[in-house]
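Structure at a glance
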Amino acid sequence: MAIVKPFKGLRPPKEIAAGLSCLPYDVMNSQEAAKMAEGKDYSLLHITRAEIDCEQDVDVHSDEVYSRSAGNFQNFKKQGWLIPESDSRFYIYAQTMNGRTQYGIVGSAACSDYENGIIKKHELTRPDKEEDRMVHIRTNNANLEPVFFSYKAVPEIDAIVQDIVENQNPEYDFIAEDDGFGHHFWVVKDAETNKELERLFDEKVPCTYVADGHHRTAAAARVGLERKASNPNHTGNEEYNYFMAVHFPDNQLEIIDYNRVVKDLNGLSKEDFLKKLTASFEVREEGTETFKPTKLHEFGMYLDGRWYSLQAKSKTYNDQDPIGVLDVTILSNEVLDKLLDIKDLRTSKRIDFIGGIRGLGELKRRVDSGDMEVAFALYPVSMQQLIDIADTGNIMPPKTTWFEPKLRSGLVIHEL
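Residues numbered from 1 in each chain as written. Predicted model: local features only at pLDDT ≥ 70, side-chain atom pairs only at ≥ 80, totals over all residues. Heavy atoms only, no water.

Thoughts on empty space enclosed by the protein
To keep things clear, this is the line we draw: Buriedness for pockets is judged along seven lines, at least five of which must meet protein on both sides within 12 Å for an open set on the 1 Å grid over protein atoms alone, while cavities are sets there where a 1.4 Å probe fits but cannot get out, and lining residues have an atom within 4 Å of a point. Grid points are joined across faces, edges and corners, and a volume is the space filled by probe spheres set on the points. Numbering goes from the N terminus for both helices and strands, where a helix is a DSSP run of H or I of at least four residues and a strand is a run of E of at least two. Residues are grouped as follows: Ala, Val, Leu, Ile, Met, Phe, Trp, Tyr, Cys and Pro are nonpolar; Asp, Glu, Lys and Arg are charged; all remaining types, including Gly, are polar.
Enumeration over the complete set of coordinates arrives at four cavities of 30 Å³ or more. Put simply, the largest cavity is a space of about 130 Å³. Lining the largest cavity are 13 residues; nearest its centre among them are I137, N143, L144, E145 and R216. Elements represented by at least two residues in the lining of the largest cavity include exactly α6 (127-140), β7 (142-143), α9 (214-230) and β12 (242-249). Examining the composition of the lining of the largest cavity, we find that three residues originate from one element, α6, more than from any other. Tallied by class, residues from the lining of the largest cavity come to seven nonpolar, three polar and three charged. Lining the second largest cavity are D257, Y258, L296, L326, D327, V328, L378, Y379, P380, V381, Q385 and T400. Across the lining of the second largest cavity, the residue classes tally to eight nonpolar, two polar and two charged.

This is the structure in C-alpha cells:
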C-alpha cells in the first residue's frame, strides 16, 4: 500500500504567499523567470531559477547557480519569508480553472515506494534532467517544488477533505497573476485528522500515479536513496526517506490535449499528402472554421489555410491494447512515421508540441506564419488510459499528457 505521511512544512506568511509562490521551474526560460520575479525580492524564482540573480548568459547548470539558489534559500528563512511548522501536518491544495475546482492532499511520499513500483510512472525520464534536479535538491537539502500525483478516489478521504474546506477558512486564497487561476490552501491542524488521513492512505490506496513531474519525482527518490546508502545509522524514519507530492483523486482530474505541428510534408505535395492519408483515415474538409476533435480516434488537421477532420480507420488501432488505443500512437504510426518520416519524437527537429491550454488558434498561427507546414489537434487522453498504461508497466509516447493548472511552488516546502 502507498505510504503518504504528514510533514513539518516550511511556509510563507499569509500576506506574501501569492507573491512568493510561482509556476514550476520548467515551464519558463530564464528571461521569462526574470520578468516574473521583477520587483519581487521574495519570489521563489530566486531559488528555483537562481540564474536570474547571476551574470547574464551564465550556464544554468553551473555550480554558481546552484550555490546562489542555496544562498537565497537560507536568506528567505532568515528574512522570515519561509517559516517552519511546529508539527507534522497534511495540507489541502485546491485549484480552480474555468469554474472547476480539484482538491489535492499535500503529503510526503516514500522514496521506497518509487523504488518498489508502488508509485507508478507512465513516462521515460532523461538522465540530464534528473541530474539537474538531484543537484538542486542536494544543494538546498529540500524539495522546493511538489510533484503532481493521483490515486484512485477513496470516499472516506473525499469526506475529510470536504469537511475541512467547508468548515475551515483557507490559509491562502488567491488568483495568481501569471496563470489567472484560483489557488486555495488549507492546513490540516487537527492531530487526529492527520492520523486518519495517513491511515486511510495506508489501508485504502494500493498505489499512486505520477501525473506530472516525472523528473522531479525520480530525482527526489534517488536523493533519498543516496542518503540512505551513505548513512550507516539509517533507521528509515529520517525525513530524507520522503519527498513532497500533491495527491489528487483520479475522478477530479482532466487531461488536456497535447497537439503537434510539423515543419514540412516530407517532399509530398498537399494533394499527395491528403491522398495518402485516406489509406488510414476518413478525411473530410471542414473549411476555415477551427475543427476540434470531440471523440477518441478523431483528429483535427490544419493545412494550407483549411481545417480537416480525420477519422481513424479501425485497422489503425487496437482498443484492447493500452498503447495501441492511444491517438498519439495512431498519429505517430500512420502519419508522422509512415508519411512524414519522423521516427523519434524526442530528437526530431521537424516537429514541435503545443499544450492545449494555448488553444487551437496557436496551431493555426504556427502554420499561417510559415514556421510550420501542418498541424494536428488530438482528443485528450483520459485518466483511465493513463492508469491502464501505468498499471501494465507501459510507457506513453512522448508529449502525450498535459495537466493544468500547474502546481504553485512555494506554498509549502519539504526539508530533508
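Regarding the sheet that holds strand β16 (residues 298-303)
The condition is simple: Any two strands are treated as partners once DSSP identifies two or more bridges connecting them. Each axis is a line fitted through C-alpha atoms, taken for helices only over the stretch in contact, and angles between the N-to-C directions span 0 to 180 degrees. Working rule for contacts: check all heavy atoms of both residues, and any pair within 4.5 Å makes them a contact.
The strand order β15-β17-β16-β19-β14-β18 describes an open sheet built from six strands, whose pairing is antiparallel. Of all strands in the sheet, those bounded by a partner on one side alone are β15 (281-287) and β18 (351-355). Direction aside, neighbouring strands of the sheet carry axes that sit 25° apart on average. Here helix α10 (residues 270-277) sits on the sheet and contacts β15, β16, β17 (306-312) and β19 (374-378); the angle it forms with β16, its principal contact strand, is near 175°. Each of β14 (258-262), β16, β17, β18 and β19 touches helix α12 (residues 361-368); the most contacted strand, β19, lies at about 170° to it.

What about the nonpolar core?
Put simply, the rule reads: Put simply, buried Ala, Val, Leu, Ile, Met, Phe, Trp, Tyr and Cys residues joined by side-chain atoms within 4.5 Å make one nonpolar core. Accessibility here uses a 1.4 Å probe with only protein chains present; expressed as a share of the type maximum, an area under 20% marks a residue as buried, one over 50% as exposed, and anything in between as partly exposed.
By size, the foremost hydrophobic cluster in this structure holds 64 residues, and its most contacted members are F273, M301, L340 and F376. With residues up to four places along the chain from it excluded, the contact list for F376 reads N259, R260, V262, F273, G300, M301, L310, L331, V335, L336, L340 and L363.

Observations concerning the packing of helix α7 (residues 155-167) against helix α8 (residues 191-204)
Stated formally: Working rule for angles: under 35 degrees goes down as roughly parallel, over 145 as roughly antiparallel, 65 to 115 as roughly perpendicular, anything else as oblique. Left-handed describes a crossing whose near helix is turned anticlockwise from the far helix by less than a right angle; the clockwise case is right-handed.
Their axes nearest at 10 Å, the elements α7 and α8 cross at an angle of 155°. It follows from the interaxial angle that α7 and α8 lie roughly antiparallel. As α7 packs across α8, the resulting crossing turns out to be left-handed. Counting all contacts with α7, which are made through E156, I157, I160 and I164, the residues of α8 involved are T193, E196, L197, L200, F201 and K204. In terms of residue class, the contact of α7 with α8 is built from six nonpolar, one polar and three charged.

Description of the packing of aromatic side chains
What characterises a pair of aromatic rings is the spacing of the ring centres plus the angle enclosed by the ring planes. The line we're drawing: To pair, rings of Phe, Tyr and Trp, with the six-membered ring standing in for Trp, must have centres within 6.5 Å; the planes then decide the type, stacked if under 30 degrees apart, edge-to-face if over 60, and tilted in the middle.
A full pass over the atoms with the stated rule returns 15 aromatic pairs. On the basis of an interplanar angle of 65° and a centroid distance of 5.9 Å, the ring pair of Y42 and W81 is categorised as edge-to-face. Of this pair, Y42 sits in the loop between α2 (30-37) and α3 (45-48) while W81 sits in the loop between α4 (63-79) and β3 (83-84), and the two are 39 residues apart along the sequence. With centroids separated by 6.4 Å and ring planes inclined at 40°, the aromatic side chains of Y103 and W186 adopt a geometry described as tilted. Here the residue Y103 occupies a position in strand β5 (residues 100-110), and W186 occupies one in strand β10 (residues 182-187), the gap between them amounting to 83 residues. What makes Y103 partly exposed here is its relative accessible area of 27%.

Some remarks on the environment of E226
By the element assignment, E226 lies in helix α9. On the accessibility criterion, E226 (33% relative accessible area) is partly exposed. Each C-alpha atom, one on E226 and one on E51, is 26 Å from the other, the two residues being 175 residues apart in sequence.

Some remarks on unusual backbone geometry
For the bond running from E404 to P405, omega is -5°, close enough to zero to count as cis. Residue position: P405 is located in the loop between β20 (402-403) and β21 (414-415). Positive phi, close to 60°, is recorded for N266, a residue that is not glycine. Structurally, the position occupied by N266 is in the loop between β14 and α10. Using a relative accessible area of 35% as the deciding quantity, one classes N266 as partly exposed. The phi torsion at H297 lies on the positive side, around 70°, for a residue other than glycine. Within the secondary structure, H297 sits in the loop between β15 and β16.

Some remarks on the pattern of salt bridges
This is how the line gets drawn: Should a side-chain nitrogen of Lys or Arg be within 4 Å of a carboxyl oxygen of Asp or Glu, the pair is scored as a salt bridge.
In total, this model carries 37 salt bridges according to the counting rule given. Here D391 ties to K120 by a salt bridge, and the two come within 3.0 Å at their closest N and O atoms. Here D391 is found in helix α13 (residues 383-391), whereas its partner K120 is found in strand β6 (residues 119-120), with 271 residues between them in sequence. A relative accessible area of 32% means that D391 is categorised as partly exposed.

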